[in-house]
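Examining the three-dimensional arrangement
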Amino acid sequence: TEAITVSELARKMNLKASSLITKLMSMGMMVTINQQIDADTATILAEEFGCKVNVVSLYDETVIEKEQDSEDSLRGRAPVVTIMGHVDHGKTKLLDAIRSANVAEGEFGGITQHIGAYQVNLPQGKITFLDTPGHEAFTLMRARGAQVTDIVVLVVAANDGVMPQTVEAINHAKEAKVPIIVAINKIDLPEANPDRVKQQLSDYGLLPEDWGGSTLFCEVSALKRKGINELLETILLQAELLELKTNYDCRAEGRVLESKIDHGRGSVATVLVQRGTLKIGDPFVAGVYSGKVRAMFDDHGKRVDKAEPSTPVEILGCDGVPEAGDPFQVTENEKLARQVSVKRQELKKLEESKNVKKITLDNLYDSI
Ligand code: GTP
Ligand code: MG
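Along each chain, numbering runs from 1 in the same order as the chain's sequence is written. Here the convention is simple: chains get letters from A, ligands get numbers from 1, in the order in which they are written. This being a predicted model, a pLDDT of at least 70 is required before a residue's local features are given, and a value of 80 or more before pairs of side-chain atoms are given or counted; all residues contribute to the totals for chains, interfaces and linings. Calculation of side-chain values draws on the structure's entire complement of heavy atoms; hydrogens and water are dropped beforehand.

The protein chain is annotated in an unreviewed UniProt entry as Translation initiation factor IF-2 of Rarispira pelagica.

**Considering the overall build of the protein chain**
To be explicit about the condition: Secondary structure elements are defined from DSSP: runs of H or I of at least 4 residues count as helices, runs of E of at least 2 residues count as strands, and each element is numbered from the N terminus. Think of it in three bands: residues with accessible area under 20% of the maximum for their type are buried, residues over 50% are exposed, and the middle band is partly exposed, with areas taken using a 1.4 Å probe on protein chains only. The criterion used for residue contact is that any of the two residues' heavy atoms lie within 4.5 Å. Accessible surface is estimated by sampling points in the Shrake-Rupley manner with a 1.4 Å probe; for residues, cover comes only from the protein chains shown.
On a plain count of helices and strands, the protein chain comes out with 11 helices and 19 strands. Residues counted as buried form 48% of the 368 residues belonging to the protein chain. For the protein chain, contacts bridging at least 24 residues in sequence account for 73% of all contacts bridging at least 6. On the protein chain, roughly 18,500 Å² of surface is accessible, and the fraction owed to carbon and sulfur atoms is 49%.

**Focus: the environment of Glu-65**
The residue Glu-65 is located in the loop between helix H3 (39-48) and strand E3 (74-76) in this model. Using a relative accessible area of 61% as the deciding quantity, one classes Glu-65 as exposed. The spatial distance from the C-alpha of Glu-65 to the C-alpha of Val-342 is 17 Å, given a sequence separation of 277 residues.

**Considerations on the packing of aromatic side chains**
Rules: Side-chain rings of Phe, Tyr and Trp, where Trp is taken by its six-membered ring, are said to pair if the distance between their centres is within 6.5 Å; with planes under 30 degrees apart they count as stacked, over 60 as edge-to-face, and otherwise as tilted. Two conditions define a charge sitting above a ring: the NZ of Lys or the CZ of Arg must be within 6 Å of the ring centre, and it must be within 35 degrees of the ring normal.
Counting across every chain of the model gives 2 aromatic pairs. Look at Tyr-118 and Phe-129: their rings are 5.7 Å apart centre to centre, the planes differ by 35°, and that puts the pair in the tilted class. Residue Tyr-118 is found in strand E5 (residues 117-122), and its partner Phe-129 is found in strand E6 (residues 125-130); the two are separated by 11 residues along the sequence. One residue, Arg-75, lies across the ring of Tyr-248, its end atom 4.0 Å from the ring centre.

**With respect to the site of ligand 1**
Formally: Whether a residue is near a molecule or strand depends on its heavy atoms: it is near if one of them lies within 4 Å of it. Contacts described as polar in this section are N or O atom pairs within 3.5 Å, which, within protein, must combine one atom able to donate a hydrogen with one able to accept it, while residues neighboring in sequence count only if both atoms come from side chains.
Taken together, 15 residues lie around ligand 1, and Lys-91, Thr-92, Lys-93, Asp-188 and Ala-222 are the ones closest in. Interatomic distance of 3.0 Å between a backbone N/O atom of Asp-88 and an oxygen atom of ligand 1. Within the side chain of Lys-186, a nitrogen or oxygen atom sits 2.9 Å from an oxygen atom of ligand 1. If you tally residues by element for the shell around ligand 1, the top one is helix H4 (residues 91-102), at 3 residues.

**Looking at the pattern of salt bridges**
Our working definition: Here, a salt bridge means any Lys or Arg side-chain nitrogen found within 4 Å of an Asp or Glu carboxyl oxygen.
Summed over all chains, the structure comprises 15 salt bridges. Where Lys-66 meets Glu-253, a salt bridge forms, and the shortest distance between an N and an O atom there is 2.6 Å. One end of the pair, Lys-66, is in the loop between H3 and E3; the other, Glu-253, is in strand E11 (residues 253-262), with 187 residues separating them in the sequence. Look at Lys-66 and you get partly exposed, because its relative accessible area is 42%. Overall, the relative accessible area of 15% leaves Glu-253 in the buried class. The partner of Arg-275 in a salt bridge is Asp-69, and the shortest N-O contact between them spans 2.8 Å. Highlighted residues: Arg-275 in strand E12 (residues 266-275) and Asp-69 in the loop between H3 and E3, separated in sequence by 206 residues. Accessibility expressed as a relative area gives 43% for Asp-69, which makes it partly exposed. Salt bridges sharing partners connect three or more residues here, namely Lys-66, Asp-69, Glu-253 and Arg-275.

**Quick word on unusual backbone geometry**
Phi at Asn-14 is positive, roughly 60°, even though this residue is not glycine. You can see Asn-14 is positioned in the loop between helix H1 (6-13) and helix H2 (17-26). Notably, Ser-310 is not glycine yet its phi reads approximately 70°, a positive angle. By the secondary structure assignment, Ser-310 is in the loop between strand E17 (306-307) and strand E18 (312-318). Look at Ser-310 and you get buried, because its relative accessible area is 2%.

**Brief notes about helix H9 (residues 228-242)**
Put simply, the test is: One less than the number of residues in a helix, times 1.5 Å, gives the span that helix is expected to have.
Helix length check: H9 (15 residues) gives 21 Å between terminal C-alpha atoms against 21 Å at 1.5 Å per residue, within 8%. Those residues of H9 lying buried are Ile-228, Leu-231, Leu-232, Thr-234, Ile-235, Leu-236, Gln-238 and Ala-239.

**Observations concerning the pairing of E18**
Formally: Paired strands, in this sense, are two strands between which DSSP finds at least two bridges.
Counting buried positions over the 7 residues of E18 gives 7, a clear majority of the element. Note that E12 and E18 share 5 bridges and pair antiparallel. Each residue of the ladder has a partner; that of Val-271, found in E18, is Val-313. Taken together, the 4 bridges between strand E15 (residues 289-297) and E18 define a ladder with antiparallel strand orientation.

So, in structure tokens, the structure goes:
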């Protein structure tokens, strides 16, 4: 969806805008000097004049130089898990069961959890859960070019079996090439039939190991909090196979999970750090906005001064409210962060006011 005005393209190509307009007319497009043309059109047009177009997208992250990984900067990181499944199959209940299984008694009820993700700590390792169950968050992120999930836990109610949204979730995960762990839920119900679920899922290529497949299955009751530890162990097992490693030493980068304006605190953004370590005072760009990390809070609402990869944190200090899925990047200095933010806001405005009219010769004559 990148675009450029005819006059700006002409300036970049060192040509008169009228030459471009004439050329565009010969290609069947009527445009004015201040009108925008899309990247494809600009590319074709430029080629006509022997120029090459480099398309830079709104959120082009390459404008901020990435730090290289050194051998010893790579360390294992926690898997990031999204829970998906059909309506009422128990996604929320399962997230609650996992959270309470891991939080010390007393601590849980007392803390209002407003962060869109949380991390559980097991002796064998950590797991990050995205607290926005459902396909919307997943597809929204994907649509914005963000891949934050390492593993999908597919919840299927043992009494209900595979339903339309179960299939949808399988397709989303497959498209994103994210491995699926099946959690057969509600096994406490007398009518629960886990074998039927396995049978149904085998039609979608999800075969348990004891049936000759490679998909990891767990049987749980989110209501009775049964099988939760086994599920967590299974997630860690799957994560081990993925060999998730990243740089802990470089400037942080990640994704915005959600953000809002909080009266008294200003802009509050929940960010998932994916690489590097985020620290207080770090200048950053988040979507079209920028800022400096003023304060950070973990998933328990506790103040922290750094956040390592796979950690979700709430940060204060952004000068606007970025969108879910927006890239988050720490920059070398505040000036660069502001520059990138200003440029992106310009590009966004252009995009919003975009008024590209493609008129082919055919319909040009039709309309006369
Ligand atoms: P949506 O967010 O609407 O898509 O539903 P969900 O998948 O989050 O399901 P939710 O966790 O809200 O559970 C739906 C219903 O199933 C609730 O009434 C739960 O109490 C019930 N439920 C969830 N897990 C279990 C379980 O393990 N056993 C039984 N018997 N009921 C369960
Ligand atoms: Mg729910």
